Each structure stands twice: as C-alpha cells, then as structure tokens.
Amino acid sequence: MVSEFMYISLLGMGFLLMWMEVLCSHKEMHALKINAFAAICTVLSGLMGMVAHMMYTTVFQLTVIVGPKDWRPQSWDYGWSFA
C-alpha cells in the first residue's frame, strides 16, 4: 500500500516538475536543475512501481499456497500470458 502511494506521488511530482520547467523557468540553468529533479522523480517512481508489483505478486502467491484448497486454481496451465 505504501509503495503504491509512493509510486503515484513520485510520478505526480515528476509531472509537476516537468510542467514547472516548461512554464516557469526563464534561465537555462534553472530549467536544467528542474529537469534533473523531474528525471530523478520519474526513475524513482518506476522503481517503486516495480517494488509494488513484486509485493503484490508475492502476496498473491503466498495466499494461493497457504490458503484453503477452494482458493487454488484447478489447473495451472495459463498458456503464454503467465510465462
């Protein structure tokens, strides 16, 4: 839950910084600094998105393994989409 919130907030912050660069920066050096911070925010957002996805899949797998037999799929043959 925290990683999803961090993912969305960092993505939003990167978006706002990019718009600030376009609209508010009059000097080239300030624009480059804002652009660097926006790039850092978007990269960290991508990393947090990957962490959130890994946490979700791990919890799903543990729920299926540890949970009751009713929760388990009858067949694990999903084809190419879950390779």
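Residues numbered from 1 in each chain as written. Predicted model: local features only at pLDDT ≥ 70, side-chain atom pairs only at ≥ 80, totals over all residues. Heavy atoms only, no water.

Enquirer: What am I meant to see in helix H1 (residues 2-24) here?
Expert: Since one α-helical turn is 3.6 residues long, residues separated by three or four positions face the same way. The terminal C-alpha atoms of H1 lie 31 Å apart, and with 23 residues this matches the ideal 33 Å at 1.5 Å per residue to within 8%. The secondary structure elements touched by the buried residues of H1 are helix H2 (28-66). (Helix = DSSP H or I, 4+ residues; strand = E, 2+ residues; numbered from the N terminus. Expected span 1.5 Å × (residues − 1). Contact = heavy atoms within 4.5 Å.)

Enquirer: Help me out: how do you make sense of the nonpolar core in this one?
Expert: Most often, soluble globular proteins have nonpolar side chains that are buried together. Of all hydrophobic cores here, the largest spans 5 residues; its members are Leu10, Leu17, Ile34, Ala38 and Cys41. At the level of elements, H1 and H2 are the ones that each hand at least two residues to this core. The element contributing the most residues to this core is H2, with 3 residues. Contacts of alanine 38, omitting those with residues within four sequence positions, involve Gly14, Leu17 and Met18. (Core = buried A, V, L, I, M, F, W, Y, C linked by side-chain atoms within 4.5 Å. Buried < 20%, exposed > 50% of the residue type's maximum accessible area, 1.4 Å probe, protein only.)

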